[in-house]
Amino acid sequence: MLQFINVSKRYPGGIDALKNVNFELSNGEMAFLTGHSGAGKSTLLKLIAILERSTQGQVMLDNQNIGRISKRNIPYARRKIGMIFQDHRLLHDHTVFDNVALPLIIAGIDRHEIKRRVRAALDKVSLLGKEKRYPITLSGGEQQRIGIARAVVNRPPMILADEPTGNLDPALSEEIIQLFEQFNRVGVTVLIASHDVPLIQRMGYRTLQLSNGEMVQHSG
Amino acid sequence: MTVSVIAITLSLPSGLLVSVNNIQSLSGQIDLNNNISVFLRQSVTLKQAKILSDSLQRDPKIIETNLIDKNAALEEFRQYSGFGTAISVLASNPLPHVIQITPLHSIDNQISLRLLVSELKQRPNIQLVQMDMGWLDRLNGILNVAQRGVTIITILLGLAVLLIISNTIRLELQNRHDEIDIMRLVGATHAFIMRPFLYSGFWYGFLGGIFACILVNLSVWLIDGPTSSLAMLYNNSFNLAFMPLIHAVLWVTFSVFLGIIGAWIVVSRYLNELES
């Protein structure tokens, strides 16, 4: 599903964010990506989301070298990935429904189908009945769940989460991770960047550890 | 705000164009009563003059002739010029008989007019043929310069409108930066992100163009009253023409075009910078 082959990323100014990173995530796998802040977690996720391009090496997603993809095809490659952020990245002047529907509207899916799928996604994250609310009126955990519903609504084969539990208390964090487990169980590949080491250890999934841009451990 | 700036900016060249068109139609009216004055020799008697006038009347190239008796002309001159006493001193009438000719061809057909003039010159008893088209030529020359000027001003102000719209769209882009980021992250194509901005560009251009036309016609309406009373003083009935509908449609189209192009340039540049 996802493969990094000798990937390096050097930012202008000579800062090496990633150095010769190699790893592979197979289809339907769930893994955590850890490391101190500044270790390169965000850069690694940005390479997968094609928000940045690698300086060296290949990033393969679905047997496609996404480091070489043309600008025109970037949006279509991104639709294969559901992304979740620590700061939710929701549209605050739109309702919960509109937020979750966004990827479907963009993909040009018909209204009837959108309604059905958004309700299904909101049902999965237990937010059914709050479609008409605005994100700001909901709690942090609920906002994060809107983000998750938006990420899974168009059924991408892979979910990337950047510190999804960053601002949540341990109980809520666990709930969120359990959501990811549910998606993983139906075959979605999940990669979660987090520095919440106790949580990761408790969950017992494969862990990819970055330190100063190098992959120091990929235990499974 | 943007719409009114666009409207004012566009009303300047379109207003100038309307003015030029009006002056042109005014000079067109003058063309119609553009006469040729034929001055006869002093020795020609009134009877001979009448015969000549009648023969000219039969010329197909001439619509009408009007003989001005030299005695009548002198009397008129005495009355209106204010040189009454000076004229009484003269031993004989210095004025010749004059035949005023209204030619078939107007000023647009210069060649046939000049041909007519040279024909007239060859006739006996005719001393001088005068067709004072010089000033009309000059007026037309000035109008051509003015028209070229309007074209240049239109281009420059068109660029200004493009910049105004670009700047407004740029501000909108900055305001919606987060929203655009989110849309990109969930796989929106550039065309999808661009669409609402192109709509804004369209509306800015459309409304700006409409208001510019309204402004120009409002100005014409305001100036029309004084102009026709001024024309009345010259024994002329002249009404300013409003902007023709076809021009209004063209201006609005031009403005809409600028709006969409302006928006497109800004948004596509912005998106291309975001995508590495």
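So, here's what we can say about the structure. (Residues numbered from 1 in each chain as written. Chains lettered and ligands numbered in written order. Predicted model: local features only at pLDDT ≥ 70, side-chain atom pairs only at ≥ 80, totals over all residues. Heavy atoms only, no water.)

1. Comments concerning the interface of chain A and chain B
Filter applied, for reference: Note on contacts: a residue pair is in contact if any heavy atoms of the two residues lie within 4.5 Å. In short, buried area is how much 1.4 Å probe accessible area vanishes from two parts on joining, totalled over both. We count a salt bridge whenever a side-chain nitrogen from Lys or Arg sits within 4 Å of a carboxyl oxygen from Asp or Glu. Whenever two N or O atoms come within 3.5 Å, that pair is a polar contact, provided that in protein one can donate a hydrogen and the other can accept it, and provided that, for residues adjacent in sequence, both atoms are side-chain atoms. The secondary structure listing takes helices from DSSP runs of H or I that are at least 4 residues long and strands from runs of E that are at least 2 residues long, numbered from the N terminus.
At the junction of the two partners, chain A supplies 21 residues and chain B supplies 14 residues. Both sides of the chain A and chain B interface together cover about 1700 Å² of buried area, and 63% of this is carbon and sulfur. It is Lys71, Arg78 and Ile106 of chain A in chain A that bury the most area against chain B; as a group they hold 32% of the surface buried on that side. Counting the contacts that link chain A with chain B gives 1 salt bridge. Salt-bridge contacts for arginine 89 of chain A lead to aspartate 181 of chain B; the nearest nitrogen and oxygen are separated by 3.9 Å. Linking chain A to chain B there are 2 residue pairs in polar contact (both at pLDDT 80 or more). Mapped onto the side of chain A that touches chain B, the elements with two or more residues apiece are α2 (74–78), β6 (81–85) and α3 (96–106) of chain A.

2. Re a nonpolar patch on the surface
Convention followed: To count toward a patch, a residue needs a relative accessible area above 30% and no salt bridge. Like charges then connect within 9 Å, nonpolar side chains (Val, Leu, Ile, Met, Phe, Trp, Tyr) within 5 Å. Surface accessibility in these figures is a Shrake-Rupley result with a 1.4 Å probe; residues are shielded only by whichever protein chains are displayed.
A grouping of Tyr199, Trp203, Leu207, Ile210, Phe211 and Ile214 of chain B is seen on the molecular surface, where their side chains present a nonpolar patch of about 580 Å² in accessible area. Among the secondary structure elements, isoleucine 214 of chain B is positioned in helix α8 (residues 190–233).

3. Side note on the sheet that holds strand β3 (residues 98–103) of chain B
Residue and element names in this part refer to chain B. Using the following cut-off: Only when DSSP finds a minimum of two bridges between them are two strands counted as paired. Each axis is a line fitted through C-alpha atoms, and for a helix only the stretch in contact is used; angles between axes span 0 to 180 degrees, taken between their N-to-C directions.
Taking strand neighbours across the sheet as the criterion, the 4 strands line up as β2-β3-β1-β4 in an open arrangement whose pairing is antiparallel. What marks the edges here is a single partner per strand, and that holds for β2 (62–68) and β4 (126–130). If you compare each strand with its neighbour and ignore which way they point, the axes differ by 20° on average. Note: strand β1 (residues 36–40) against β4, 4 bridges, orientation antiparallel. Considered in β4, the bridge of phenylalanine 39 is made with leucine 128. This element, helix α2 (residues 46–57), spans β1, β2, β3 and β4 of the sheet and lies at about 170° to β2.

4. Some words on the packing of aromatic side chains
All names here are of chain B. Worth spelling out the cut-off: A pair of Phe, Tyr and Trp rings is counted when the ring centres sit within 6.5 Å of each other, with Trp represented by its six-membered ring. The angle between the planes then sorts it: under 30 degrees is stacked, over 60 is edge-to-face, the rest tilted.
Under the definition given, this model contains 6 aromatic pairs over all chains. Aromatic pair tryptophan 203 and phenylalanine 206: ring centres 5.7 Å apart, planes at 85°, arrangement edge-to-face. Here the residue tryptophan 203 and the residue phenylalanine 206 both occupy positions in helix α8, the gap between them amounting to 3 residues, near one helical turn. Grouped by ring-pair contacts, the aromatic residues Phe202, Trp203 and Phe206 constitute a single cluster.

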